[in-house]
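Summary of the model geometry
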Amino acid sequence: MTQPRVDGDKSAVTCPVRDFNYTDYKPAGTWFGIYDKFAEESPIYRNEFGPGFFTAVTYEGILEILQHPETFSNSVVTPLDPDPQVKWIPEMLDGAEHAQWRRQLAPLFAPKTTEKLEEKMRHRAGELIDDILAKNTGKCDLIADFAQRFPTTIFLELMGLPVDELDQFTEWEDAIMHSTIADMEERNRVAGATMMAVMGRFSTIIAERRVTPQDDIISKALEFRIDGEPVSDADLLSFCLLMFMAGLDTVSVTLGWSFYHLANHPEDRAEIIVNPDLIPSAVEEFLRAFAIIVPARKVVTDTVVQGCPMKAGDMINFPLSAANRDEAAFHEAAKVDIYRTGNNHVAFGAGPHRCLGSHLARRELRIALEEWHKRIPNYRITPGTELVETGAQIGLTSLPLEWDPA
Ligand code: HEM
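The text that follows walks through the structure, step by step, so that each part is easy to find. All residue numbers here refer to positions counted from 1 along the written sequence of the relevant chain. It should be noted that, the model being predicted, local features are given only for residues of pLDDT at least 70 and side-chain atom pairs only at 80 or more, the latter also being counted only at that level, while totals for whole chains, interfaces and linings use all residues.

A few points about the sheet that holds strand β1 (residues 17-18)
Here, a strand pair is defined by DSSP locating no fewer than two bridges between the strands. Helix numbers and strand numbers start at the N terminus; a helix is a DSSP run of H or I with at least 4 residues, a strand a run of E with at least 2. With mixed pairing, six strands are arranged side by side in an open sheet as β1-β2-β3-β11-β8-β4. Here the strands that pair on one side only, and so sit at the sheet edges, are β1 and β4 (72-73). Here two bridges tie β4 to strand β8 (residues 296-299), and the two strands are oriented antiparallel to one another. If you follow Ser-73 over to β8, its bridge partner there is Lys-298.

Right, dumping it as structure tokens:
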């Protein structure tokens, strides 16, 4: 760590300064817990990497930022791009405009609404697992064969898209979120082209729903009013794109980590098989211990957070895994304890942008674990597997599992 500096152009920094290229970092184990050593020193540090930005690494500090939207704007998604050309809705909106979207979207994601999807979800999860079993090989890639396909089918249902587009959407998701193309320029080019294809598909749906509305989220969003005006096609497209980015990969990546833990901890697996009522608490603990999102904000007025002064225009990001692994907030924070109570984690964020899909996500995770363990209770990670983490949300690219065929 270098000495605290005073930067004439930017903020008078009184917190530690580092140069941490997190985009290229290869942890010895998993990503979770890597910020512990930074947090021991200070709740916030200044990163000199890229354009320079702050990073908050404690529960208290992260909560303070999440709960002060008047100081920390959501107009950005990464600290590396302070002036993005995109405006994903509602994630990148602030203030009254954001509140209007949230008010109208809330009923579509309320617990009662997601409850109605229970049977459909259970059926889809069962179908996918039965397909795996029908191959009779006693093995699968949990990520490709289940964890990506399950949330994608639910997403297609919600958006009113035919389920036979599953392969196409899974392929798009992979190309955007988990590209393994080594060359950064080529990777960005392919991701950009794929994003255009996704937008093309959504544009067609929006046009179709304008003519013939159905019982799906896009048709309902066509009736929204913002400042008394109907929503434009461009804004609807930004909303669909955000749903695609927020709703698919998050659940599949969390499922990947949940199965990673359960495969490595047969004692926890045995507990949830004997007592499936434990699954909701296990899900909360997996969300806490494997929090995958690293939100970013742009400072809009000069402020001091946890003793660290920041100026309007400064950027800040905060790995939610750092909050969830903070010993000051969670007893034995590094331990995955499926019996944990009072689990006040922030895997879904907090404040006005708290995850809109949290009820849906929880239900998907619970049903996936229930249906899987009814059919395939005993499994292991294929010996010799080298696990690779990639992606906008840090996830396993593949998780080969095997079991003894019945
Ligand atoms: C395990 C799964 C999920 C996790 C961990 C997760 C996490 C998050 C987090 C941390 C945020 C807040 C970001 C911020 O403060 O900037 C967020 C926002 C959001 N999430 Fe999720 N999410 C998950 C699943 C879903 C699903 C399934 C959907 C919908 C299908 C969804 C839709 C959204 C939307 C629309 C927002 C933006 C809310 C707003 O800006 O007001 N999420 N999510």
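So, the site of the ligand
Taken together, 24 residues surround the ligand, and among them Gly-247, Thr-250, Gly-349, Cys-355 and Gly-357 come closest. Mapped onto the shell around the ligand, the elements with two or more residues apiece are α11 (233-247), α12 (249-264) and α16 (358-375). Top contributing element to the shell around the ligand by residue count: α11, with four residues. Under the convention adopted here, Pro, Cys and the residues Ala, Val, Leu, Ile, Met, Phe, Trp and Tyr are nonpolar, Asp, Glu, Lys and Arg are charged, and Gly plus all remaining residues are polar. Of the residues belonging to the shell around the ligand, the class tally is 15 nonpolar, seven polar and two charged. Only the C-beta atom matters for nearness: placed from the backbone, it must lie within 6 Å of the molecule or strand for the residue to count as near.

Some thoughts on the sheet that holds strand β15 (residues 400-402)
Pairing is antiparallel in the open sheet, where three strands are placed in the order β5-β15-β12. Both edges of this open sheet fall to β5 (139-141) and β12 (380-381), since each of them pairs with a single strand only. Examined bridge by bridge, β5 and β15 share three bridges and lie antiparallel to one another. The partner of Asp-141 across the bridge, within β15, is Pro-400.

Description of helix α14 (residues 279-289)
Among the eleven residues that make up α14, nine are buried, leaving the element largely enclosed by the rest of the structure. Three exposure classes are used, based on other C-beta atoms lying within 10 Å of a residue's own C-beta, which is placed from the backbone: buried for 20 or more, exposed for 12 or fewer, and partly exposed in between. Taken residue by residue, α14 has Ile-279, Ala-282, Val-283, Glu-284, Glu-285, Phe-286, Leu-287, Arg-288 and Ala-289 as its buried positions. By the convention adopted here, residues make contact when the C-beta atoms placed from their backbones lie within 7 Å. The inward-facing, buried residues of α14 abut α12, α13 (266-274), α15 (320-324) and α16.

Remarks on the pairing of strand β3 (residues 53-56)
Both faces of the sheet carry side chains from a regular strand, because those side chains alternate between them. On β3, burial covers both faces: Phe-53 and Thr-55 on one face and Phe-54 and Ala-56 on the other are all buried. Pairing of strand β2 (residues 44-47) with β3, which is carried by four bridges, proceeds in the antiparallel orientation. Its bridge partner being in β3, Arg-46 is matched across the sheet by Phe-54. Linking β2 back to β3 in an antiparallel pair, the connection comprises five residues, with Gly-50 at a positive phi of about 60°. Summarising the sheet, β3 and strand β11 (residues 315-317) pair through two bridges and their orientation is parallel. From the neighbouring strand, Phe-54 faces β11, where its bridge partner is Ile-316.

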